[in-house]
Amino acid sequence: KQRWIVVYSSIAYRKEQKTIDNLIIKEAEKINKRAWHFSNKEFESKSDGLKEANSLDKKIKYHSIKSVEVETIMRRKTKSRGRPKKDEVMVEHYKFHVKFRLDVDAVEKELKQKGRFIIATNIINDISDEECLIAYKDQQKVERGFRFIKDPMFFVDGVYLKNENRIMSMVMLMGISLLVYSLLEKKLRYTFRQKDELYVDGYREPTKNPTMKRILLAMEDIHLHCISFKDEIVDEKIKNMRPESLQALKVLGPEYLEMYSDKGNDVEVTISWKK
């Protein structure tokens, strides 16, 4: 047994309505161009011309024919040049001017189907419609999380494993990585909103909801430069630390900042952004 829930979303409806409005504009441009070309075509038979004129609305979704005007033109029966002679036979030719109108009924019928989607579940009674919708939307968070596995910057496609145990270990590592990735992103966004602070990296628009990928890109070229003497490290320096990297570390907390620099707490973060 299955239970199907039809969900209506006003936000999705408005987005799809804009899409239909754009399709109507494009279709109007297309059929007006087609009507103009057709109006320059001459027919010897009125019935043949009318038949072709009435077929212009085929494969048209949002418009229909409003009117068809017939223009009669007298032409020579033979294709001779010069002035027509008095006794020369003239025959009628026809041109057709087709006008279109917006098919309101077709547009309304299309709009009635928009903004709706179906959720199907085999849980019949133990969950309400609202809880079912929330559970369905929560699945997207997991799907978006695992999307980073396909991202080229993680080089997962360069790992080839055949042994079943190693494959299981890799899946476990990726799951833990995704957990850490998601928790860090959640902490960053929560702290930015709490402090009412914008993350600015100088490349994209400032935001209170940066993705973890955006933060990692700002920190990927940070290096620990070690100076050693007689196999002993005598000095350590952090290289390529930029203002946006320091800002993210400060938001995460002093324990994160300390990992990169013991003097990081005294650094003033000054960031500018130009659109």
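The model shown is predicted, which means the values in this text are computed figures rather than measured ones. (Residues numbered from 1 in each chain as written. Predicted model: local features only at pLDDT ≥ 70, side-chain atom pairs only at ≥ 80, totals over all residues. Heavy atoms only, no water.)

S.K.: Could you clarify how one ought to interpret the overall build of the protein in this entry?
M.R.: A tally of helices and strands in the protein yields 8 helices and 6 strands. Helices and strands in the protein line up, N terminus first, as β-α-α-β-β-α-β-α-α-α-β-β-α-α. For the protein, the proportion of its 275 residues judged to be buried stands at 25%. Taking the contacts inside the protein whose residues are at least 6 apart along the sequence as the reference set, 60% of them involve residues at least 24 apart. Summed over its atoms, the accessible surface of the protein is roughly 21,300 Å², and 52% of this surface lies on carbon and sulfur atoms. (Helix = DSSP H or I, 4+ residues; strand = E, 2+ residues; numbered from the N terminus. Buried < 20%, exposed > 50% of the residue type's maximum accessible area, 1.4 Å probe, protein only. Contact = heavy atoms within 4.5 Å. Areas by Shrake-Rupley, 256 points an atom, 1.4 Å probe, with all protein chains shown as cover.)

S.K.: Help me out: how do you make sense of helix α7 (residues 243-252) in this one?
M.R.: An α-helix turns once per 3.6 residues; consequently, residues spaced three or four apart project the same way. Most of α7 sits out of view: 8 of its 10 residues are buried. When we look at burial in α7, the residues that qualify are Glu244, Ser245, Leu246, Gln247, Ala248, Leu249, Val251 and Leu252. Elements in contact with the buried residues of α7: α5 (164-195), α6 (212-219) and α8 (254-260). Taken from the residues just after α7, Gly253 is the one with a positive phi, measuring 135 degrees.

S.K.: I keep staring at the side chain of Glu244 and nothing clicks. Help me out?
M.R.: Mapped onto the elements, Glu244 comes out in helix α7. Within the structure, the side chain of Glu244 is placed 3.1 Å from the side chain of Arg242, a separation counted as a polar contact. (Polar contact = N/O pair within 3.5 Å; in protein donor to acceptor, adjacent residues only side chain to side chain.)

S.K.: Honestly, the pattern of salt bridges in this entry has me stumped. Any pointers?
M.R.: Opposite charge on two side chains permits pairing when their charged atoms draw close. Across all of its chains, the model carries 11 salt bridges by this definition. With its nearest N and O atoms 3.9 Å apart, the salt bridge here joins Lys187 to Glu255. In this pair, Lys187 is assigned in helix α5 and Glu255 in helix α8, connecting sequence segments 68 residues apart. With relative accessibility at 32%, the residue Lys187 sits in the partly exposed group. Among the residues examined, Glu255 registers a relative accessible area of 41% and is labelled partly exposed. What you see here is one network of salt bridges that share partners, running through Lys61, Glu110 and Lys114. (Salt bridge = Lys/Arg side-chain N within 4 Å of Asp/Glu carboxyl O.)

S.K.: When you look at helix α1 (residues 10-39) in this model, what are you seeing that I'm missing?
M.R.: With 30 residues, α1 should cover 44 Å at 1.5 Å per step; its first-to-last C-alpha distance of 43 Å lies within 8% of that length. Those residues of α1 that fall on the buried side of the exposure criterion are Tyr13, Ile20, Ile24, Glu27, Ile31, Ala35, Phe38 and Ser39. Where the residues of α1 are buried, they touch β1 (3-8), α2 (46-54), β2 (63-76), β3 (90-102) and α3 (104-112). (Expected span 1.5 Å × (residues − 1).)

S.K.: What is the right way to look at the packing of α5 against α6 in this model?
M.R.: Angle between the axes and distance between the axes: these two values describe a pair of packed helices. One can describe the packing of α5 onto α6 by two numbers: an axis separation of 9 Å at closest approach and a directional angle of 95 degrees. Taken as axis vectors, α5 and α6 run roughly perpendicular relative to one another. Contacts between α5 and α6 involve Tyr181, Leu184, Glu185 and Leu188 from the former and Met212, Lys213, Ile215 and Leu216 from the latter. Of the residues assigned to the contact of α5 with α6, the class counts are 6 nonpolar, no polar and 2 charged. (Axes fitted to C-alpha atoms, helices over the stretch in contact; angles between N-to-C directions. Parallel < 35°, antiparallel > 145°, perpendicular 65-115°, else oblique. Nonpolar A, V, L, I, M, F, W, Y, C, P; charged D, E, K, R; others polar.)

S.K.: Explain the confidence of the model for the protein to me, please; I cannot follow it from the model alone.
M.R.: The predicted coordinates should not be examined in detail at positions where pLDDT is low. Predicted confidence across the protein gives a mean pLDDT of 83, with 87% of residues reaching 70 or more. In the predicted structure, residues 262-275 sits below a pLDDT of 50 and forms 25 contacts with residues beyond four places in sequence or in another chain. (pLDDT = per-residue confidence, 0-100.)

S.K.: Before we go on, may I ask you to explain the packing of aromatic side chains in this structure?
M.R.: By convention here, two paired aromatic rings are described through the distance between centres and the angle between planes. For the structure shown, the criterion picks out 6 aromatic pairs. Judged by centre distance (6.0 Å) and plane angle (65 degrees), the rings of Phe192 and Tyr199 are edge-to-face. Per residue, the accessibility class of Phe192 equals that of Tyr199, and both read buried. Members of the aromatic cluster, each reached through a chain of ring pairs, are Phe38, Phe43 and Phe96. (Phe/Tyr/Trp six-rings, centres within 6.5 Å; stacked < 30°, edge-to-face > 60°.)

S.K.: I'm lost on the nonpolar core in this one. Help?
M.R.: Soluble, globular proteins show a tendency: their nonpolar side chains are buried together. Core analysis: the biggest nonpolar cluster contains 16 residues, and Leu188, Phe192, Tyr199, Met212, Ile215 and Met219 have the highest contact counts within it. Those elements that provide at least two residues to this core are α5, α6 and α7. If you tally residues by element for this core, the top one is α7, at 5 residues. Contacts of Phe192, omitting those with residues within four sequence positions, involve Glu197, Leu198, Tyr199, Lys208, Pro210, Gln247 and Val251. Among the nonpolar cores identified, the runner-up in size contains 12 residues, and Ala53, Ile65, Phe96 and Phe100 belong to it. (Core = buried A, V, L, I, M, F, W, Y, C linked by side-chain atoms within 4.5 Å.)

S.K.: Please explain the packing of α6 against α7 as it appears in this structure.
M.R.: In contact at an axis separation of 8 Å, α6 and α7 are set at 125 degrees when each is read in the N-to-C sense. Looking at the two axes, α6 sits oblique to α7. By crossing handedness, the relation of α6 to α7 is classed as left-handed. Contacts between α6 and α7 involve Ile215, Ala218 and Met219 from the first element and Glu244, Ser245, Ala248 and Leu249 from the second. (Left-handed = near helix turned anticlockwise from the far one by under 90°.)

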